[in-house]
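# Per-entry structural report
Here are the chains, one letter per residue:
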Amino acid sequence: MDVGGLIGARVSRVEDVRLLTGRARFVDDVREPGMLEAAILRSPVPHARIVSVDVSKAAALPGVSAVVTGAEVKAAVRGPQPVTWQVIPDMFHPRTYALAVDKVTYPGQGIAAVAAKNRAVAEDALELIDVRYEELPAVSTLEQALAEDAPRLFDEWPSNVLGRTAVRTGDAAAAFAEADVVLSAEFRFPRQMGTPLETRGVVATWDPFTDRLDVWLTTQAPNIAQAAFAEVLGLPVGRIRVRTPDLGGGFGNKFDFYGDEVVACVLSRRTGKPVKLIEDRAESFVATVHSREQKVDIEVAARADGTITGMRGTVYGVLGGALGTAGLSPCWVTAASVTGPYDIAALDMNLVGVATNRTPYGSFRGYGLPKANFVHEHMVELLAKRLGMPAHDIRRRNFIKQFPHQSPVFVFDSGRYEECLDLCLAAVRDAGWERIRQDARARGAAVGIGYSFQNEVTGLGPSRIQTFAGSSHSGFDEEVVRIDSTGHVTVYTGLSAMGQGIHTALAQVAAHTLGVPLDHVTVLSGDTDSSPYSGYGTGASRGAPLGGAAVRTAATRLKAKVLRIAGHILEAAPEDLVITDGVIAVRGVPGRTVTMADIGDAAYRRLGGRLPEDETPTLEEREVYDPVNVATAFGCTAVLAEVDRETGVVTLLGYLIAHDCGTVINPMIVDGQLHGGAAQAIGGALSEELVYDADGRMRTRTFADYLLPSAAEVPPVAISHMATPADHVPGGFKGMGESGVIGGGAAIVNAIVDALPEYDLEITALPITPPRLLALMRKGTGR
């Protein structure tokens with residue numbers, strides 16, 4: 001692990017001045033000559049056959065340049081929307097196009113699209129399109145979809161179950177047969193979404209003369225999007241340019257590849273002009289992927305001493321009316337990760353993917369891990385209660401202690417779980433929470449403390465593992481580090497910047513490794529024509545362990561070349577030289593120095609006599625990094641909560657996270673990521689839910705319906721760091737972008753249960769809103 005220097009330094013983010021002073025450029029700021037604006041007509045019904053679509057009046061409206069229907073879009077493309085993750089080889093994949101062709105399978109599905117001189121005219125034209133539907137019975141819930149007489153979403157498939165698989169290890173049957181204790185529970189997780197501040201958008205320019213496609217796109221994965229455009233539109237990848245402007249958040253929602261992007265391209269080709277399509281907020285609730293919704297049935301086998309010997313059960317993924325880019329993979333992650341940080345020898349988890357007439361299922365920060373964490377932490381608490389033991393004793397007894405450890409799917413590279421738990425308990429003790437709880441109970445208030453322990457697979461990237469798991473994309477990352485003729489450094493990356501501070505982190509790694517000032521480093525990203533290739537883009541907590549590791553390795557090689565050139569100029573051995581703030585000096589000989597600018601000049605301009613004959617001109621290194629394994633971060637969350645017994649309102653009084661993400665590049669960025677994740681965990685546990693009515697129509701239309709936590713609901717979040725470097729990752733970096741959201745739900749619910757011991761609550765469904773909590777309290781008292 002690095003000590004001193006810029007790795008580990010709490011420095012301000014280099015992106016912030018531009019963002020905070022209004023100098024950022026988001027997709028809606030993109031203006032192209034002659035640009036048209038588009039809008040999409042979306043289905044108000046969840047399930048119907050499309051009898052007819054009459055666009056004649058819309059096409060005749062002044063200012064309208066083009067109108068397309070689903071049939072026309074299908075005729076204009078080479079194939080359906082791609083599914084990147086196919087975790088079940090024989091799973092049924094319905095062919096879905098950018099707009100509905102013959103049938104609507106979810107409310108909000110696109111039916112037709114208009115390109116006009118501005119958005120207002122485009123929206124006026126939408127109102128003139130006459131669509132006639134033959135409505136069909138909707139299957140909006142899991143129970144409806146699984147019923148024997150359920151209407152089928154897809155005529156070519158015999159049921160709404162699209163696929164089944166299982167994650168198994170050890171002998172679960174023997175574990176349960178020999179168990180002293182068997183516990184079971186059923187969990188329900190709601191439909192939620194990432195709701196980034198900036199909605200999705202695209203500006204597409206299909207040049208009619210060169211047949212090149214230039215796309216500005218709000219995407220976390222430019223190279224995956226580029227490949228998807230090529231697959232759907234039938235263009236070579238080399239004729240497609242994807243540029244990502246500043247992203248106003250992503251949270252996984254902007255990893256997925258949407259039909260809207262394809263529609264904009266088709267409209268551009270038809271009109272010969274650039275077309276902008278920006279999703280509005282109301283649309284986003286039905287058109288951007290949903291996540292989280294699952295039903296999990298679980299059983300745990302244990303011995304009388306608290307050792308957990310087996311787990312078995314079923315994860316039901318409540319998918320939508322089409323498969324999104326992520327397919328069933330978030331639900332597979334839940335099944336594969338349900339043992340969490342515990343050494344459980346036997347696992348038998350079934351996974352069932354079920355189609356419903358809801359918005360497609362996709363990516364959201366944490367993927368399947370928040371649900372897996374909620375399940376295993378609930379079962380730990382339940383087992384502790386059954387055996388009359390402290391829950392932390394159950395945790396300690398079952399923690400993985402030997403590393404590397406083969407989990408049911410992944411190899412966990414490292415961990416110090418007991419130390420992390422102790423760090424969290426020390427933070428709780430130092431904060432005086434026990435005294436606060438005692439004082440509150442003395443005055444009749446309901447205050448409790450809840451805990452959750454987690455581990456997280458980060459640095460998703462081993463390409464062969466991804467392929468084996470069903471991904472159609474690789475996981476390596478390519479980074480370029482270049483020193484120019486003035487001695488300044490440019491890092492080129494294929495990772496997308498979406499507010500997470502990746503430009504600052506990569507700049508710190510490069511500056512630290514090369515020995516130059518941070519303000520001498522510029523990071524460039526967001527253009528597939530000039531940026532290196534990123535196999536998976538920004539997601540899966542991989543920016544630091546993939547991008548940081550590649551920059552570290554490339555910069556290390558580049559530094560060696562700098563020292564060789566400097567040694568030639570100074571007539572000294574490279575090993576006798578040291579670089580400090582961009583000045584190369586002979587160790588122990590004051591005054592014998594050259595600057596990084598001198599080295600740049602020697603490599604690019606005045607080569608004669610200064611550049612060694614065996615060195616090639618220029619200063620650039622390129623590293624392609626495909627890790628041999630994932631990197632395992634871990635942490636413990638503690639929550640102090642107060643419950644109003646009369647209203648059921650939960651107020652969070654304190655929030656602590658003890659966390660280990662290996663070598664920390666910038667503690668301020670790590671803290672910010674954990675704070676943001678905690679806020680999303682709070683919303684997911686207490687208020688956020690996408691609601692459909694009885695006939696399958698979406699009821700959630702605004703943020704008045706979808707309740708995000710505000711500053712009033714998010715307490716101060718304190719972070720305690722420890723560092724267990726990943727030995728197989730250059731620099732020892734692990735990821736942490738999703739860590740804050742994983743353990744929060746379980747810790748909050750455990751705090752609520754602790755605050756209300758007299759009710760003997762068992763909370764297995766989220767969100768736990770005031771009415772739901774009151775209902776559970778009444779049930780607990782028999783009222």
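## Observations concerning the overall build of the protein
Looking only at helices and strands, one finds 22 helices and 28 strands in the protein. Relative to the globule expectation of 28 Å for 783 residues, the C-alpha radius of gyration of the protein, 28 Å, shows essentially globular dimensions. A principal-axis box enclosing the C-alpha atoms of the protein has dimensions of 90 × 75 × 50 Å. A burial count over the protein gives 62% of its 783 residues as buried. Sequence-distant contacts, at least 24 apart, represent 80% of the contacts inside the protein between residues at least 6 apart.

## Some points on the pattern of salt bridges
Going through the model one piece at a time under the given rule, you end up with 55 salt bridges. Notably, a salt bridge pairs Asp 155 with Arg 49, separated by 3.2 Å at the nearest N-O pair. With a gap of 106 residues between them, Asp 155 in the loop between helix H5 (142-146) and strand E7 (161-169) and Arg 49 in strand E2 (residues 48-54) connect regions that are remote in the sequence. Residue classification places Asp 155 among the partly exposed residues on the basis of a relative accessible area of 44%. Close ionic contact of Arg 772 with Glu 689 constitutes a salt bridge, the shortest N to O distance being 2.8 Å. Residue Arg 772 is located in helix H22 (residues 770-781), and its partner Glu 689 is located in the loop between helix H19 (667-686) and strand E28 (717-722); the two are separated by 83 residues in the primary sequence. Linked through salt bridges whose partners overlap, the residues forming this network are Arg 42, Arg 119, Glu 123, Arg 200, Asp 260, Glu 261, Glu 279, Asp 280 and Glu 283.

## Some details on the state of the cysteines
Covalent bonding between the sulfur atoms of two cysteines defines a disulfide. Under the definition given, this model contains zero disulfides. Cys 420 forms no disulfide, and the closest cysteine sulfur to it belongs to Cys 636, at a distance of 6.1 Å. On the accessibility criterion, Cys 420 (0% relative accessible area) is buried.

## Regarding the domain arrangement of the protein
Taken domain by domain, the protein comprises domain 1 (16-22 + 476-625), domain 2 (31-137 + 194-287) and domain 3 (399-458 + 629-783). Using C-alpha coordinates to define each centre, domain 1 is positioned 40 Å away from domain 2. Of the roughly 1,500 Å² buried at the junction of domain 1 and domain 2 (both faces included), carbon and sulfur atoms supply 44%. Among the residues domain 1 hides against domain 2, the three largest losses belong to Met 498, Thr 528 and Tyr 536. Together they make up 40% of the total. For the interface between domain 1 and domain 2, the tally reads four salt bridges.

What counts, and where the lines are drawn
- Residues numbered from 1 in each chain as written.
- Predicted model: local features only at pLDDT ≥ 70, side-chain atom pairs only at ≥ 80, totals over all residues.
- Heavy atoms only, no water.
- Helix = DSSP H or I, 4+ residues; strand = E, 2+ residues; numbered from the N terminus.
- Rg over C-alpha atoms; globule rule 2.2 N^0.38 Å.
- Buried < 20%, exposed > 50% of the residue type's maximum accessible area, 1.4 Å probe, protein only.
- Contact = heavy atoms within 4.5 Å.
- Salt bridge = Lys/Arg side-chain N within 4 Å of Asp/Glu carboxyl O.
- Disulfide = S-S within 2.5 Å.
- Domains from an automatic or database assignment.
- Buried area = accessible area lost by both parts, 1.4 Å probe.

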